[in-house]
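# Structural features, examined
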Amino acid sequence: MNEHQIHDAIGDISEELIDPVARLRQKKRYPAANWVAVAACLCLLLSLPFTWNTFNGTKAESMNTGFAPEANMSDRFDGMLDKTEDSAAEVIVEASVFRAKVLEVDEGCVLVEPLEGEQERLCSDKIYVSFGKLAQTPEIRVGDILQIQYDGMIQETYPAQITGTYAIQIIE
Amino acid sequence: MEDQQIVDLYWQRDQLAIEHTQKKYGRYLAKVAYHILCDLEDCAESVNDTYMAAWNAMPPHRPQSLCAFLSKLTRRISIDMLRKKQSAKRGGGEYELSLEELNQCLPGGHDPEESVTGRELVKTIEAFLLTLPEKTRNVFIGRYFYMDSVKEVARYCGLSESNAKVILHRARIALSEYLKEEGYL
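Let me sum up the structure you'll find in this document. A quick note: this is a predicted structure, and the numbers were derived from the prediction, not measured.

A complete count under the given rule lists eleven salt bridges over all chains for this structure. One salt bridge connects A:Glu113 with A:Arg121, and the closest N-O pair in it is separated by 3.1 Å. Judged by its relative accessible area of 25%, A:Arg121 is partly exposed. Ionic pairing is found between B:Arg62 and B:Asp8, a salt bridge with its closest N-O pair at 3.1 Å. Taken together, the residues B:Arg62 in the loop between helix H3 (40-57) and helix H4 (66-89) and B:Asp8 in helix H1 (residues 3-11) connect sequence positions 54 residues apart. Within this structure, A:Glu113, A:Glu116 and A:Arg121 form a network of salt bridges that share partners.

Look at helix H9 (residues 161-181) of chain B: 30 Å from first C-alpha to last across 21 residues, which is about the 30 Å you get at 1.5 Å a residue. Positive phi appears at B:Gly183, one or two residues downstream of H9(B), with a value of about 85°.

Below, the discussion takes up the interface of chain A and chain B. Taken residue by residue, the interface counts 24 residues in chain A and 41 residues in chain B. The interface formed by chain A and chain B contains three salt bridges. Linking chain A with chain B are eleven residue pairs in polar contact (both at pLDDT 80 or more). At the level of secondary structure, the elements contributing two or more residues to the side of chain A that touches chain B comprise helix H1 (3-11) and helix H2 (15-26) of chain A. It is H2(A) that contributes the most residues to the side of chain A that touches chain B, eleven residues altogether.

Cut-offs used in this document
Residues numbered from 1 in each chain as written. Chains lettered and ligands numbered in written order. Predicted model: local features only at pLDDT ≥ 70, side-chain atom pairs only at ≥ 80, totals over all residues. Heavy atoms only, no water. Salt bridge = Lys/Arg side-chain N within 4 Å of Asp/Glu carboxyl O. Buried < 20%, exposed > 50% of the residue type's maximum accessible area, 1.4 Å probe, protein only. Helix = DSSP H or I, 4+ residues; strand = E, 2+ residues; numbered from the N terminus. Expected span 1.5 Å × (residues − 1). Contact = heavy atoms within 4.5 Å. Polar contact = N/O pair within 3.5 Å; in protein donor to acceptor, adjacent residues only side chain to side chain.

Right, dumping it as structure tokens:
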């Protein structure tokens with residue numbers, strides 16, 4: 001007897017003995033990489049209700065406000081900007097007052113030097129402040145100390161520039 | 001389609017049987033053949049021959065497990081194909097022919113007794129396999145019937161590779177002792 005005969009005999013064993021192994025071999029394999037993909041899909045599925053709720057919330061809000069959903073996103077964005085601007089403006093209104101010494105007086109604008117300790121001095125030691133749009137302006141001379149109220153915006157040129165001036169008062 | 005329905009199609013001599021067999025077991029059988037032949041073209045030929053053999057065998061045969069039956073056919077056909085290929089590689093048909101002719105002179109050549117012994121050997125091996133625990137039996141059949149690598153056998157039997165190797169080693173020793181007891185060795 002040789003190994004060929006044994007091998008051939010094994011090839012002729014009954015199907016009942018082969019069948020369990022045939023089934024084992026047919027079982028699908030799920031290697032580690034596939035498990036990662038399955039886990040990722042599960043995460044995605046689990047996060048779906050939250051995403052759906054958020055989307056529905058946006059949609060409901062848009063229905064309440066009467067905006068179309070497409071427009072609503074930009075409106076929400078704009079609104080957010082507005083709010084930011086409003087709140088920023090509130091902060092700026094409180095903070096956008098400074099005192100400065102007049103260096104030059106031109107038509108519709110003055111060149112000033114913010115006094116020591118003023119935050120605007122950190123931006124520039126010389127600032128052009130335009131007041132052409134103001135209804136009333138005092139008569140300003142070189143050397144005056146002014147209290148300037150503005151919109152908080154300073155153009156970072158040199159000298160710096162303030163165009164959104166709300167009011168100017170002469171302190172000294 | 002269920003295996004039994006496919007077998008029924010064979011019995012009705014409906015050619016759809018082959019189509020469904022190909023659909024359900026084509027890749028499976030190709031893998032069985034590839035493990036033996038290691039050549040895609042031969043592998044495809046072997047699988048096609050399997051369909052033909054199945055068509056010729058059913059009826060009268062009605063397999064209990066179509067998958068196991070087809071695996072047996074593919075295995076046999078692939079091994080025959082491999083042997084022919086190897087004999088062709090060894091220098092052509094004449095040498096092999098002469099060997100075959102001389103083989104007839106040897107005791108236990110191609111006589112009916114040998115085929116009886118062959119059938120008995122199959123029964124002995126079946127009996128041996130039934131003495132083994134299920135897991136060991138599956139590992140043994142996976143390795144020596146399907147000729148899967150030890151790594152693959154270990155994977156689908158849920159074992160480590162080294163554990164499968166140990167199981168196979170012990171099973172071979174046990175088979176050797178069993179064959180000695182039965183008077184084959």
